[in-house]
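So the chains spell out like this:
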Amino acid sequence: MGEKQAQLDQLKKEIKNDKTLPLFGEANLVFGEGDVNTKIMFIGEAPGFYEDQQMRPFVGQAGKLLDELLVSIKLPREFVYITNIVKRRPPQNRDPLSEEIAAYKPYLKKQIQIIQPQVIATLGRFSMNYFLPTAKISQDHGKLFHLKTIYIYPLYHPAAALRSTMVLDALKKDFNKLPLVLKKAQA
C-alpha cells in the first residue's frame, strides 16, 4: 500500500471516529474512492440514498450519468478520485447545511492535500461555492479558475442534469472540454 493510500485510510478512520461531526450516527460514512495518484478529483456536495447504502460516492442515477460522461471522454472512473464535501447523507436528501459543510471542510482539505490533484471538477453549486464563494453555477459552469496551485472547473451536478435537458446538454459540453482542461493544468 502506498503512502497516499495509507494517509487516506488514516483520515477515513479519523472521520469515522469523530463523534462531533454532524450526521454522525444518522448515516453511513461515504469517504471517497478512486485513483489516489490522479490528476483530477471530482467533488460533489453530499451522499444520497444509494451512496449511503453502498458507502460509495456517486453510485445512484447521478453516478451512472457521471460514469457515462467519464467513459465518453475516455477517462474511466478508476482513473479519477470522487468524493463529496459532506461525508454523510443529510436526512431526506436535503441540501447540506452551512454548518455541516463547515464541519467537514477540514477533512476535505486534508483529502485534497493528500491526493494533490491538478484539477478539481466541482459537481454542483455547493461544491463550486466551497472553492469559489461568489460564483454562480449558471454563469460559471465550464469555466476554468486558477487558485494557487490548482485549477477549479465547475460543472453542473449530474442529478440536476437528470431533471433538465438543458442542464444535461451543458454538462456534456463542459465534460467534453475536460481533456483540454487537464492538458492546460499539466502544461
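The present account deals with the structure reproduced in this document. A quick note: this is a predicted structure, and the numbers were derived from the prediction, not measured.

Parameters and conventions
Residues numbered from 1 in each chain as written. Predicted model: local features only at pLDDT ≥ 70, side-chain atom pairs only at ≥ 80, totals over all residues. Heavy atoms only, no water. Helix = DSSP H or I, 4+ residues; strand = E, 2+ residues; numbered from the N terminus. Buried < 20%, exposed > 50% of the residue type's maximum accessible area, 1.4 Å probe, protein only. Contact = heavy atoms within 4.5 Å. Core = buried A, V, L, I, M, F, W, Y, C linked by side-chain atoms within 4.5 Å. Expected span 1.5 Å × (residues − 1). Arc of directions from axis to C-beta. Pairing = 2+ DSSP bridges. 1 Å grid on protein atoms, 1.4 Å probe; cavity = no way out; pocket = protein on both sides within 12 Å on 5 of 7 lines; lining within 4 Å. Points joined across faces, edges and corners; volume = space filled by probe spheres on them. Nonpolar A, V, L, I, M, F, W, Y, C, P; charged D, E, K, R; others polar. Phe/Tyr/Trp six-rings, centres within 6.5 Å; stacked < 30°, edge-to-face > 60°. Lys NZ or Arg CZ within 6 Å of the ring centre and 35° of its normal.

### A closer look at the side chain of Asp140
Within the secondary structure, Asp140 is located in helix 6 (residues 137–140). Residue class for Asp140 comes out buried when judged on its relative accessible area of 12%. Excluding anything up to four places from it in sequence, Asp140 contacts Met128, Ala135, Phe145 and Pro154.

### Section: the nonpolar core
Ile40, Phe42 and Phe175 are the most contacted members of the largest nonpolar core, which has 59 residues in total. Ranked by the residues each element gives to this core, the list is headed by helix 4 (residues 98–115), at seven residues. Once residues within four sequence positions are removed from consideration, Phe175 is found in contact with Phe42, Leu66, Leu69, Leu70, Ile73 and Leu155.

### Focus on helix 1 (residues 3–17)
End to end, helix 1 covers 21 Å across 15 residues, agreeing with the expected 21 Å (1.5 Å per residue, within 8%). Taken as a whole, helix 1 has its buried residues at Leu8, Leu11 and Ile15. Considered in projection along helix 1, the buried side chains sweep an arc of 60° and stay on one side of the axis. Of the residues in helix 1, the exposed ones pointing more than 90 degrees away from the buried face are Glu3, Lys13, Lys16 and Asn17.

### With respect to the environment of Leu66
Along the chain, Leu66 falls in helix 3 (residues 61–72). Taking the C-alpha atoms as reference points, Leu66 and Ser98, separated by 32 residues in sequence, lie 25 Å from one another. In this structure, Leu66 is in contact with Phe42, Phe58, Ile82, Leu123, Pro158 and Phe175, ignoring residues within four places of it in sequence.

### So, the sheet that holds strand 3 (residues 81–84)
The sheet built from six strands is open, its strands ordered 1-3-2-4-6-5 with mixed pairing. In this open sheet, the two strands that pair with only one neighbour each are strand 1 (33–34) and strand 5 (145–147). Here two bridges tie strand 1 to strand 3, and the two strands are oriented antiparallel to one another. Paired with Glu33 across the two strands is Ile82, which belongs to strand 3.

### Quick word on the layout of surface pockets
Taken as a whole, the largest pocket spans an internal volume of roughly 550 Å³. Elements supplying a minimum of two residues to the lining of the largest pocket: helix 2 (49–54), helix 3, helix 5 (125–131) and helix 7 (158–163). Residue composition of the lining of the largest pocket, by class: 12 nonpolar, eight polar and six charged. Computed from the structure, the second largest pocket encloses a volume of approximately 450 Å³. If you list the elements that add at least two residues to the lining of the second largest pocket, you get helix 4 and helix 5. The dominant element in the lining of the second largest pocket, judged by the number of residues it contributes, is helix 4, at four residues. Class assignment for the residues of the lining of the second largest pocket results in seven nonpolar, four polar and three charged.

### Here's the deal with the packing of aromatic side chains
The tally for this structure, following the rule as stated, stands at three aromatic pairs. Pairing Phe42 with Phe175 gives two aromatic rings, centres 5.9 Å apart and planes at 10°, and the pair type is stacked. Residue Phe42 is found in strand 2 (residues 40–44), and its partner Phe175 is found in helix 8 (residues 165–176); the two are separated by 133 residues along the sequence. In this structure, Phe42 and Phe175 share a single accessibility class: buried. Geometrically, the ring pair formed by Tyr130 and Phe131 is edge-to-face, given 4.6 Å between the ring centres and 75° between the ring planes. With relative accessibility at 14%, the residue Phe131 sits in the buried group. Above the face of the Phe31 ring, Lys87 is positioned so that its terminal group lies 5.9 Å from the ring centre. Taking NZ or CZ as reference, Lys105 lies 5.3 Å from the ring centre of Tyr130, over its face.

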